[in-house]
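Architecture and fold: a report
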Amino acid sequence: MAEMKSHRYLPSFNGDPYARKVDEPLSKTATAENGGVLTVPTIFDIKENDHQCPLVQEVFQSFVNPPPTAETITCELYQPDGTKRTRRLSERMRKLPSEILYDARGLELFERITELEDEYYLTRCEREILRTQMPDIAKYVTDGASIVELGCGSLSKTATFLKHVREAGRRDVRFFALDIEKSFLEASLKDLMEDEQKQDVPAENRIEYAGIYGSYTDALSSFLKDIIGQKVLLWLGSSIGNFSRADSNALVGRFQKELMKEGDVFFIGMDKRKDPATVARAYNDAGGVTSEFGLNGLDHLCRMMGNSDMDRMSFDYFAGYNDVEGRHEAYYRSNVAQTVSVPRSTGGFEKVDLEKDELIRYEFSVKYSMEEIQELASSTGLVLERTWTDAQDMYNFCMFRKPFSNGPQ
């Protein structure tokens, strides 16, 4: 008797038009200029609103009227050469959201950063883990799994992950890439699909691909929460480090409660605490790509706010590793006393006076000890089931599972 193929569904939420049987293809075909047939990914737009609107509101709240600074005002930040630089915060530290870094040019600059293997070790280490240990990692992905990558970037490491899932003989696997930059999402998915098409992959082991245009928050209320079958969340690149420990605990906790079912797994790449100078070099490359990446965020912010008086020439890149907190910190330093304009949500602009040498934080890169990884698991309702590391023991690739209520299965 022929094997019966069960149907899983992507149910509708509020009558969503993307509801479909998963047997229906996620990709579609188009005609190329030369008359050939191209397979192109479907992009699901799950944005609940224009991302720029809440982002502008966040800028106003954290930049114009920041709360009193809750952390240590003065500390020492390690530099690439092992020396220390004093960091002094304002009594009310201004902040900018790290999302301003990721316009199209910012994504391109970040890809250049990941290629700086002598300095930016994170990508090198994670690639090594995926290249050498993926056969073991792939054992935890089942037939019919839906793999959801959170913040996909170029998908270069993802290609290695999916290659080993195919080689493990998994069938009926679907891959969803989530990102807030639509053009980059489409281009990266297209490259990933073309890479698979060039390989001699048996039909039953081919993966179906789709993009999801939206944010982490959008994903929590999307069709993803209703997918039937194993769900595999994939968060690469130590992106969890862009959040404070409290915020990352809250976000992972929401993923566990709102997206994951019992038995689902969550793979997270997590950079380890290590020699301070090594960390500092990763974010202070000699060629200045990282500083340009940061300053490009100001250019993006000016375009988004509709004004141009936050001139990047009036700011410097100020950064270093805080060994006490276990995090790299990145700031814009106002190199002159200046007045800048920030849009109000009700219209018009608010004038903000910046002091010379005032620091404006825009990014964290938090590092994790094994104890802190265990704390993350216990505080979010997950179980740390497996951890893989690179040959130099610099980086962890962790697998968390949502436990079964009646014990292990």
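Residues numbered from 1 in each chain as written. Predicted model: local features only at pLDDT ≥ 70, side-chain atom pairs only at ≥ 80, totals over all residues. Heavy atoms only, no water.

This part covers the overall build of the protein chain. A tally of helices and strands in the protein chain yields 10 helices and 20 strands. Of all 409 residues assigned to the protein chain, the portion counted as buried reaches 54%. Taking the contacts inside the protein chain whose residues are at least 6 apart along the sequence as the reference set, 74% of them involve residues at least 24 apart. Summing over all exposed atoms, the protein chain offers an accessible surface of approximately 18400 Å²; the carbon and sulfur share of this is 48%. (Helix = DSSP H or I, 4+ residues; strand = E, 2+ residues; numbered from the N terminus. Buried < 20%, exposed > 50% of the residue type's maximum accessible area, 1.4 Å probe, protein only. Contact = heavy atoms within 4.5 Å. Areas by Shrake-Rupley, 256 points an atom, 1.4 Å probe, with all protein chains shown as cover.)

Let us look at the pairing of strand β13 (residues 265-271). Burial of β13 is extensive: seven of the seven residues sit out of reach of the surface. Where burial is concerned, the two faces of β13 agree: the one with Val265, Phe267, Gly269 and Asp271 and the one with Phe266, Ile268 and Met270 are both buried. By the bridge criterion, four bridges tie strand β12 (residues 231-235) to β13 in an arrangement that is parallel. Paired with Leu233 across the two strands is Phe266, which belongs to β13. With respect to chirality, the unit in which β12 leads through helix α7 (residues 245-258) into the neighbouring parallel β13 is right-handed. (Pairing = 2+ DSSP bridges. Right-handed = clockwise from strand over helix to strand, strands pointing away.)

So, on to the packing of helix α3 (residues 121-137) against helix α4 (residues 156-167). Contact pair α3 / α4: the axes reach a minimum separation of 9 Å and the direction vectors enclose 10 degrees. When the axis of α3 is compared with that of α4, the two are roughly parallel. Contacts between α3 and α4 involve Thr123, Glu126, Arg127, Leu130, Arg131, Met134, Pro135 and Ile137 from the first element and Ser156, Lys157, Thr160, Phe161, His164 and Val165 from the second. (Axes fitted to C-alpha atoms, helices over the stretch in contact; angles between N-to-C directions. Parallel < 35°, antiparallel > 145°, perpendicular 65-115°, else oblique.)

This part takes up the confidence of the model for the protein chain. In the predicted model, the protein chain carries a mean pLDDT of 87, and 87% of its residues have values of at least 70. Taken together, the stretch residues 1-24 has pLDDT below 50 and engages in 40 contacts with residues farther than four places along the chain or on a different chain. (pLDDT = per-residue confidence, 0-100.)

What follows covers α3. Of all the bends found along α3, the most pronounced is centred on Arg131 and spans about 50 degrees, while Pro135, a proline, follows it within four residues. Here the buried face of α3 lies against α2 (104-114), α4, β13, α8 (276-282), β19 (383-389) and β20 (395-401). (Bend = angle between axes of the 7 residues up to and from the residue.)

Attention shifts here to the pattern of salt bridges. In this structure the tally under the stated criterion is 32 salt bridges. The partner of Glu258 in a salt bridge is Arg254, with the nearest N and O atoms 2.9 Å apart. Here Arg254 and Glu258 lie together in helix α7, a separation of four residues that amounts to about one turn. Look at Glu258 and you get partly exposed, because its relative accessible area is 31%. Assessed through its relative accessible area of 35%, Arg254 is described here as partly exposed. Each member of the salt-bridge network shares a partner with another, and the members are Glu71, Arg87, Arg327, Glu329 and Arg361. (Salt bridge = Lys/Arg side-chain N within 4 Å of Asp/Glu carboxyl O.)

Moving on: the pairing of β20. Burial of β20 is extensive: seven of the seven residues sit out of reach of the surface. Neither face of β20 is left uncovered, since the one carrying Tyr395, Phe397, Met399 and Arg401 and the one carrying Asn396, Cys398 and Phe400 both have all their residues buried. Across seven bridges, β13 lies against β20 in antiparallel orientation. Each bridged residue has a counterpart across the sheet, and for Ile268 the counterpart in β20 is Cys398. Summarising the sheet, β19 and β20 pair through six bridges and their orientation is antiparallel. When the bridges of β20 are listed, Arg386 appears paired with Met399. The antiparallel hairpin formed by β19 and β20 contains five residues in its connecting segment, where Asp393 sits at a positive phi of about 60 degrees.

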